[in-house]
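Analysis of the macromolecular model
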Amino acid sequence: MRVRTSADPAAGPTLAQIGENALVEMLTRGLPRDARVRVAAGDDCAVIGAPRDTRWQLLKTDAVIEGVHFLPDENPRRIGWKALCRAISDIAAMGGIPHYALITIAVGSGVKIARIRSLYAGLLRAADAFGVSIVGGETARSPGSLFLNIALTGSVERTRCVLRSGGRPGDVLLVTGRLGGSIKAKHLDFTPRLAEARWLVENFKPTAMMDLSDGLAADLPRLAAASRCGFTLDKERIPRTRGIAIERALTDGEDYELLIAVPANRLASLQAAWPQSFPRLPLTQIGSLNSQPSTLIPLRGFDHFT
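Below is a summary of the structure that appears in this document. The model shown is predicted, which means the values in this text are computed figures rather than measured ones.

1. Thoughts on the overall build of the protein
Tallying secondary structure elements over the protein gives seven helices and eleven strands in all. The proportion of buried residues among the 306 residues of the protein is 49%. Contacts in the protein between residues far apart in sequence, at least 24 positions, make up 83% of those at least 6 positions apart.

As structure tokens, this is what we get:
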């Protein structure tokens, strides 16, 4: 969808009318970039590196907002864990390793100090679990909701970096774990698939990969479009959290599982090796990429504005 600019800020469509994808496309079109930018906006992370670098730098920023990503009475430790793990999940989706985080927090002056300490305890628990150093940040006063932003760096070997755009017709689509259930607070306690992603790029490098943050119904079309492919999806094979219907598994969002594309000739060996390393985590084939025009799922995942 093309969005025309206007001298009158009150003219034209609203964010609710165009949706998140069109907004991001509009804002990122034509951004300045130098020769070291390997991947800019449009993937799970930005990728920076010179042609001869053996490792590339990964950059990610992510925010959680009270009333949008968590409820006001939620345990602050869980909020801190979620905030940092969301960004770590994006580093994992590129096949990388997280390194350094900057934390920005905006909060009302009436908030109890104990709540902020507890929030940072959750951040520190996630940082310790996944080898992240928290090296600074910013504090500001919020007139309303608590706002927490994470800026995270990481790195990945040039030969192991996986993008959304590398999928090819005939590739098999798989997901880790089980989908759906964020409304039951699963989104506050998830584990980013960092170890699993590193194992994949070291042993069965996917052609494309991303983390499922907005729901399979939203994220699968994004991966297919980035790879210039269509897709088939067997909804009956989607692995679901206990008690979750297929529609919810497609649309709930905030699963933070990996969506993976691999060549069909590697599928059997991958499925045989996976349980040896991750016996408690399912890896499920759910469809494939094809050369047809992009397919739309008749359900919608999460969109911040619609």
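2. Observations concerning the sheet that holds strand β2 (residues 46-48)
Spatially, the six strands line up as an open sheet ordered β1-β2-β3-β6-β4-β5, and their pairing is mixed. Pairing within the sheet leaves two strands with one partner each, and these edge strands are β1 (37-39) and β5 (133-141). Mean inter-strand twist for the sheet, computed between neighbouring axes without regard to direction, equals 20 degrees. Each of β3 (55-65), β4 (97-107) and β6 (147-157) is contacted by helix α2 (residues 76-93), which is oriented at about 145 degrees to β3, the strand it contacts most.

3. Some words on the nonpolar core
The biggest cluster of nonpolar side chains holds 58 residues, and the ones touching the most others in it are L84, L148, I150 and L270. Counting residues per element, this core draws most heavily on α2, which supplies ten residues. If we ignore the near neighbours within four places in the chain, the residues touching L148 are D62, A63, V64, A83, I103, T104, I105, L119 and L123. Counting 22 residues, the second largest nonpolar core, distinct from the first, contains M210, A224, F231 and L259.

4. Here we look at the side chain of D255
Positionally, D255 belongs in the loop between α6 (246-251) and β10 (258-262). This buried residue, D255, is left without a salt bridge; K186 holds the nearest opposite charge, at 4.1 Å. Discounting chain neighbours no more than four positions away, the residues touching D255 are R178, L179, G180, K186, F190, L212, G215 and A249.

5. Section: the sheet that holds strand β7 (residues 172-176)
In space, the five strands of this open sheet follow the order β8-β10-β7-β11-β9, with antiparallel pairing throughout. Each edge of the open sheet is held by one strand with a lone partner, namely β8 (208-211) and β9 (230-233). Going from strand to strand, the sheet's axes swing by 25 degrees on average, the running direction of each strand aside. Taken together, the four bridges between β8 and β10 define a ladder with antiparallel strand orientation. Looking at the pairing, M209 lines up with I260 of β10. Contacting β8 and β10, α2 runs over the sheet at an angle of about 175 degrees to β8.

6. Remarks on the pairing of β10
Counting buried positions over the five residues of β10 gives five, a clear majority of the element. The two faces of β10 match: L258, I260 and V262 on one face and L259 and A261 on the other face are all buried. In this structure, β7 lies alongside β10, joined through four bridges in antiparallel fashion. Bridge assignment links L174 to a residue of β10, and that residue is I260.

7. Topic: the packing of α2 against helix α3 (residues 113-130)
Running from N to C, α2 and α3 cross one another at 40 degrees; their axes reach a closest spacing of 6 Å. In this view, α2 runs oblique relative to α3, as classed from their interaxial angle. As α2 runs across α3, the sense of the crossing is right-handed. Where α2 abuts α3, its residues P76, R77, I79, G80, W81, A83, L84, C85 and I88 lie against R115, S118, L119, A121, G122, L123, R125, A126, A127, A129 and F130. Residues belonging to the contact of α2 with α3 are distributed by class as follows: 14 nonpolar, three polar and three charged.

8. Some words on the side chain of S155
Topologically, S155 is positioned in strand β6. In this structure the side chain of S155 is engaged in a polar contact, spanning 2.7 Å, whose partner is the side chain of H99. Beyond its immediate chain neighbours, meaning those up to four positions away, S155 contacts R55, W56, Q57, L58, G96, I97 and H99.

9. Some words on the packing of helix α4 (residues 194-203) against helix α7 (residues 267-277)
Relative orientation of the contacting elements α4 and α7 amounts to 140 degrees, with a least axis distance of 12 Å. Considering the angle they form, α4 stands oblique to α7. Pair α4 / α7 crosses with right-handed handedness. Taken together, the residues of α7 that come into contact with α4 (itself represented by E196, W199 and L200) are L270, A273, W274 and S277. Split by residue class, the contact of α4 with α7 holds five nonpolar, one polar and one charged.

10. Regarding the pattern of salt bridges
For side chains of opposite charge, pairing can occur when their charged atoms come near one another. Under the defined criterion, the tally for this structure stands at 19 salt bridges. The partner of K60 in a salt bridge is D90, with the nearest N and O atoms 3.4 Å apart. With K60 in strand β3 and D90 in helix α2, this residue pair connects regions lying 30 residues apart in the sequence. Both residues of the pair, K60 and D90, belong to the buried class. E202 serves as the salt-bridge partner of R198, at 3.5 Å between the closest nitrogen and oxygen. One end of the pair is R198 and the other is E202, both in helix α4 and four residues apart, which spans about a single turn. For R198, a relative accessible area of 11% translates into the label buried. You can call E202 partly exposed: its relative accessible area is 41%. Residues joined by salt bridges that share partners form a network here, namely R55, E157, R160, R198 and E202.

Cut-offs applied
Residues numbered from 1 in each chain as written. Predicted model: local features only at pLDDT ≥ 70, side-chain atom pairs only at ≥ 80, totals over all residues. Heavy atoms only, no water. Helix = DSSP H or I, 4+ residues; strand = E, 2+ residues; numbered from the N terminus. Buried < 20%, exposed > 50% of the residue type's maximum accessible area, 1.4 Å probe, protein only. Contact = heavy atoms within 4.5 Å. Pairing = 2+ DSSP bridges. Axes fitted to C-alpha atoms, helices over the stretch in contact; angles between N-to-C directions. Core = buried A, V, L, I, M, F, W, Y, C linked by side-chain atoms within 4.5 Å. Lys, Arg positive; Asp, Glu negative; His and termini not counted. Salt bridge = Lys/Arg side-chain N within 4 Å of Asp/Glu carboxyl O. Parallel < 35°, antiparallel > 145°, perpendicular 65-115°, else oblique. Left-handed = near helix turned anticlockwise from the far one by under 90°. Nonpolar A, V, L, I, M, F, W, Y, C, P; charged D, E, K, R; others polar. Polar contact = N/O pair within 3.5 Å; in protein donor to acceptor, adjacent residues only side chain to side chain.

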